[in-house]
Amino acid sequence: MSLSTSPGGALLAILIMALVTYLTRSGGVLVMSRIPIGPSVERFINAMSGSVLVAVITPMAAAGDWGARLALLVTLMVMLATRKPLFAIGAGILCAALWRFLIP
């Protein structure tokens, strides 16, 4: 399938992605409403969120520039120091922004 690069094609792509996201989320809710949440299922869900995070971050660390790597390192250090995810993410974003601003 090929979409044009016109504004209409971009809008269609965004609408298709929104529909797929909605169906994925609602399907997940439907499936999980039928599964009893026991200790093993809870451990699986907790482990899965970390796995997804690592899968998203690893390519950026491997193929990204030094600004991205430094931002990941700052995020990790702030998270380990404070145990506050939102604060750590903000520190990482600020680090990447400063890197991009100061080093062209």
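Residues numbered from 1 in each chain as written. Predicted model: local features only at pLDDT ≥ 70, side-chain atom pairs only at ≥ 80, totals over all residues. Heavy atoms only, no water.

Asker: Tell me what's going on with the packing of helix α3 (residues 66-82) against helix α4 (residues 85-102), and back it up with residues and numbers.
Answerer: At their nearest, the axes of α3 and α4 sit 8 Å apart, and the two run at 155 degrees to each other. By the angle class used here, α3 and α4 are roughly antiparallel. For the crossing formed where α3 meets α4, the hand is right-handed. Facing W66, G67, A68, L70, A71, V74, T75, V78, M79 and T82 of α3, the residues of α4 in contact are P85, F87, A88, I89, A91, G92, C95, A96, W99 and R100. Across the contact of α3 with α4, the residue classes break down as 15 nonpolar, 4 polar and 1 charged. (Axes fitted to C-alpha atoms, helices over the stretch in contact; angles between N-to-C directions. Helix = DSSP H or I, 4+ residues; strand = E, 2+ residues; numbered from the N terminus. Parallel < 35°, antiparallel > 145°, perpendicular 65-115°, else oblique. Left-handed = near helix turned anticlockwise from the far one by under 90°. Contact = heavy atoms within 4.5 Å. Nonpolar A, V, L, I, M, F, W, Y, C, P; charged D, E, K, R; others polar.)

Asker: Any details on the nonpolar core? Residues and values, ideally.
Answerer: Looking at soluble globular proteins, one finds that nonpolar side chains tend to be buried together. In terms of nonpolar packing, the biggest core is built from 7 residues, these being A71, V74, V78, A88, A91, C95 and A96. Of all the secondary structure elements, the ones that give two or more residues to this core are α3 and α4. Among the elements that take part in this core, α4 stands out by supplying 4 residues, more than any other. Once residues lying within four places of it in the same chain are set aside, the contact partners of V74 are A91, G92 and C95. (Core = buried A, V, L, I, M, F, W, Y, C linked by side-chain atoms within 4.5 Å. Buried < 20%, exposed > 50% of the residue type's maximum accessible area, 1.4 Å probe, protein only.)

Asker: I'd like a description of the packing of aromatic side chains, backed by residues and values.
Answerer: Taken as a whole, this structure holds 0 aromatic pairs when the rule is applied. Above the plane of the ring of W66 lies R69, whose end atom (NZ or CZ) is 4.8 Å from the centre. (Phe/Tyr/Trp six-rings, centres within 6.5 Å; stacked < 30°, edge-to-face > 60°. Lys NZ or Arg CZ within 6 Å of the ring centre and 35° of its normal.)

Asker: How would you sum up α3? Please name residues and give values.
Answerer: In this model, α3 (17 residues) spans 24 Å end to end at C-alpha, consistent with the 24 Å of a helix rising 1.5 Å per residue. Within α3 the residues assigned to the buried category are G67, A68, A71, L72, V74 and V78. Considered in projection along α3, the buried side chains sweep an arc of 165 degrees and stay on one side of the axis. Among the exposed residues of α3, those pointing more than 90 degrees away from its buried face are W66, L80 and A81. Looking at the buried residues of α3, the elements they touch are α2 (39-63) and α4. R83 sits one or two positions beyond α3 and adopts a positive phi of about 60 degrees. (Expected span 1.5 Å × (residues − 1). Arc of directions from axis to C-beta.)

Asker: Got a sec to walk through the domain arrangement of the protein chain? Specific residues and values, please.
Answerer: When cut into domains, the protein chain gives domain 1 (1-35) and domain 2 (39-103). The C-alpha centroid of domain 2 is placed 26 Å from the C-alpha centroid of domain 1. (Domains from an automatic or database assignment.)

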